[in-house]
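# What the coordinates show
Residue strings, one per chain:
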Amino acid sequence: MAVSQSAGGVESLPRAGFRATTAFIALLALSFHAPANAAAANAAQDISGVWWATTYSPKIQLVGGGDLPFTPQGKAAYDKNVAGLKDGSVIDAARRFCVPDGIPRILGTPYPFEIIQTPGQTTLIYELNHAIRIVAMDKPVPKDEEVVAYPYYNGHSVGHWQGDTLVIESVGFNDKTFIDATGAPHSDEIRTTERIKKIGANQLENVVTVHDPQMFTRDFSARFVYGLRTDIRLQDYVCGEPHRDISSVRGVPRR
């Protein structure tokens, strides 16, 4: 029998040929699985479409339960807002003047929104107040000095994918919005991180973490779930005028 010499000794050609064949088969298997794996990854990262919240709460619901962890400054501001909203000395500008709700309040909207994915950018369009969020993909988070002169209601956002999860980081907010509809405040130091992913073929989850050391003693998170709605399109929204029926969203009062 013919033999071949190797560093580890003598091995037969049939065995060497068998090993080469096995390696070739393994490479073929990988090549067949690669397109399937890529397709699965692409499907997980395709979150385009119109989405609608499954529940609504005027008060933000924290992951793990409990109340917002206010600092003394934050609690004083909250109490002032609650009293002012009742007696009219504080105005909810998002409802009176249709300015953007800000984050995280906009995430709990009882109206639908649409996600549009294009190369280098993810765009979120909200029916409520016609708010538009531009998320620059695979860009660094802006430095404070780059955004301090241009504070936005919804902040300046960048995003990147971690597997099946879209991570959106937002900075550069103004302090003109509320955390939720009860009047919970935030400062212009607020920073948010959203982790968005599909939790089913027609369900989307967004877990947002809020960092604002002026108003809160620690970071906190809230979770929002949406259903895919292929049966509707976004409609006009004008403050003070009747709009679509949203009473099907759990937590919204019936008309």
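So, a few notes on the structure that sits alongside this text. Source: prediction; values computed, not measured. (Residues numbered from 1 in each chain as written. Predicted model: local features only at pLDDT ≥ 70, side-chain atom pairs only at ≥ 80, totals over all residues. Heavy atoms only, no water.)

## Observations regarding the environment of A149
Its place among the elements puts A149 in the loop between α4 (144-147) and β7 (156-162). Given a relative accessible area of 58%, A149 falls into the exposed group. Taking the C-alpha atoms as reference points, A149 and G172, separated by 23 residues in sequence, lie 8.7 Å from one another. (Helix = DSSP H or I, 4+ residues; strand = E, 2+ residues; numbered from the N terminus. Buried < 20%, exposed > 50% of the residue type's maximum accessible area, 1.4 Å probe, protein only.)

## A few points about the pattern of salt bridges
A full pass over the atoms with the stated rule returns 10 salt bridges. When the shortest N-O distance is used, the salt bridge between R223 and E205 registers 2.5 Å. Within this pair, whereas R223 is found in strand β11 (residues 220-228), its partner E205 is found in strand β10 (residues 203-211), the two being separated by 18 residues in sequence. Since its relative accessible area comes to 44%, R223 is described here as partly exposed. Its salt-bridge partner being D231, residue R229 comes within 2.9 Å of it at the nearest N-O pair. Taking relative accessible area as the criterion, D231 reaches 54% and is therefore assigned exposed. Members of the salt-bridge network, linked through shared partners, are D92, R95, D101 and R105. (Salt bridge = Lys/Arg side-chain N within 4 Å of Asp/Glu carboxyl O.)

## Concerning the packing of aromatic side chains
Applying the stated criterion across every chain yields a total of six aromatic pairs. For the pair F70 and F216, a centre-to-centre distance of 5.4 Å together with 25° between the ring planes defines the contact as stacked. A residue pair is termed long-range when its members are at least 10 positions apart, and F70 in the loop between β3 (49-53) and α2 (72-87) and F216 in the loop between β10 and β11 qualify at 146 residues. Given the relative accessible area of 2%, F216 is considered buried. Centroid distance F113 to Y226: 4.9 Å. Interplanar angle 80°. Geometry classified as edge-to-face. Separated by 113 residues along the polypeptide, F113 in strand β4 (residues 113-118) and Y226 in strand β11 bring together distant segments of the chain. Like F113, the residue Y226 is buried in the burial classification. (Phe/Tyr/Trp six-rings, centres within 6.5 Å; stacked < 30°, edge-to-face > 60°.)

## Side note on the sheet that holds β3
The strand order β3-β4-β5-β6-β7-β8-β9-β10-β11 describes a closed barrel built from nine strands, whose pairing is mixed. Going from strand to strand, the sheet's axes swing by 30° on average, the running direction of each strand aside. With seven bridges connecting them, β7 and strand β8 (residues 165-171) associate as antiparallel partners. Residue pairing across strands places S157 opposite S170, the latter belonging to β8. (Pairing = 2+ DSSP bridges. Axes fitted to C-alpha atoms, helices over the stretch in contact; angles between N-to-C directions.)

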